[in-house]
Amino acid sequence: MIRFIFIFFPLLLFGQFDHVLTGIGLDIGSSGSGIFVTRQYMHASDKFSLNGEWRFYDMKADEEMVVYNYWGEPVNIGGISLVMMPIFFGGNYYPFAGEIANNFSPFITFRGGPIYTLDGDETGSFSERWSNPKSQWSVGGFIGVGIDFKWVSQSMVTLMVGGEILPLREAADTKKDYSGLLIHIAFSRQKR
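These numbers come from a predicted model, not from an experiment.

Asks: Just checking my understanding: could you explain the overall build of the protein chain for this structure?
Replies: A tally of regular secondary structure across the protein chain gives two helices and twelve strands. Tracing the protein chain from N to C terminus, the helices and strands come up as α-β-β-β-β-β-β-β-α-β-β-β-β-β. Counting the 192 residues in the protein chain, one finds 36% classified as buried. Partitioning the contacts of the protein chain with sequence separation of at least 6, the portion at a separation of at least 24 is 60%. Total accessible area computed for the protein chain in this model is approximately 11,500 Å², and 67% of it derives from carbon and sulfur atoms.

Asks: Would you mind going over the nonpolar core with me for this structure?
Replies: Ranked by internal contacts, the top residues of the largest apolar core, which has 20 residues, are Tyr57, Met59, Ile80, Leu82, Met84, Leu166 and Tyr178. Of all elements in the fold, only β3 (48-59), β6 (82-93), β7 (104-119), β9 (155-165) and β10 (167-172) reach the threshold of two or more residues within this core. Of the residues forming this core, the biggest block, three residues, is contributed by β6.

Asks: For this particular structure, what's the right way to read the packing of aromatic side chains?
Replies: For any two aromatic rings, the description comes down to two numbers: the centre-to-centre distance and the angle of the planes. Tallied over the full model, the rule gives four aromatic pairs. Taking the centre distance of 5.7 Å and the plane angle of 90 degrees together, the rings of Tyr70 and Trp71 count as edge-to-face. For the pair Tyr70 and Trp71, a shared accessibility class is recorded, and that class is exposed. Above the plane of the ring of Phe142 lies Arg55, whose end atom (NZ or CZ) is 5.4 Å from the centre.

Asks: Looking at this structure, I do not really get the pairing of β7. What am I missing?
Replies: Along a regular strand, successive side chains alternate from one face of the sheet to the other. Note: β6 against β7, ten bridges, orientation antiparallel. For Met85, the partnering residue across the bridge sits in β7 and is Tyr116. In terms of strand pairing, β7 meets strand β8 (residues 134-150) through 16 bridges, oriented antiparallel. In the sheet register, Gly113 faces β8, and the bridge partner there is Gly140.

Reading the values: the criteria
- Residues numbered from 1 in each chain as written.
- Predicted model: local features only at pLDDT ≥ 70, side-chain atom pairs only at ≥ 80, totals over all residues.
- Heavy atoms only, no water.
- Helix = DSSP H or I, 4+ residues; strand = E, 2+ residues; numbered from the N terminus.
- Buried < 20%, exposed > 50% of the residue type's maximum accessible area, 1.4 Å probe, protein only.
- Contact = heavy atoms within 4.5 Å.
- Areas by Shrake-Rupley, 256 points an atom, 1.4 Å probe, with all protein chains shown as cover.
- Core = buried A, V, L, I, M, F, W, Y, C linked by side-chain atoms within 4.5 Å.
- Phe/Tyr/Trp six-rings, centres within 6.5 Å; stacked < 30°, edge-to-face > 60°.
- Lys NZ or Arg CZ within 6 Å of the ring centre and 35° of its normal.
- Pairing = 2+ DSSP bridges.

This is how it looks when you write it as structure tokens:
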């Protein structure tokens, strides 16, 4: 009986997801910014969806700023060479499914998974800074609220705001935690 549950429960669960959306987006956070790719499986009940996404963050130092030199060229002062690549899986819960107009769907979300971090040197040219970066794996997540704006063309814009949880096993650029506020904007289209 246990084997039956482990084999067929995922098939029953995943068999009820009738809309698949694939998209890209932009993340703007208190610790950095980046881009991501995402895939979302909407459940037939419209009450929840499953999500998977791969993010690429360029992390910023607390005192980092851009200044202009004598020739008008931008120069980054106090920056760090740190990149984080979370791979998060989770879900959205739509508490008002069917109660609000079809093109406007608020939700609560939770995502979690592994984070791959690359820490380059802080001085030198681009190739010198990234020639031998330190790397590490850790586990993090995201919890927040959002709204799906559905369009007639089977595409969707998603706006989420919440807390990003980005701890590290070892300190990178003097910090062991890059958690903070995150604004997440996704542009998705339904798979045909």
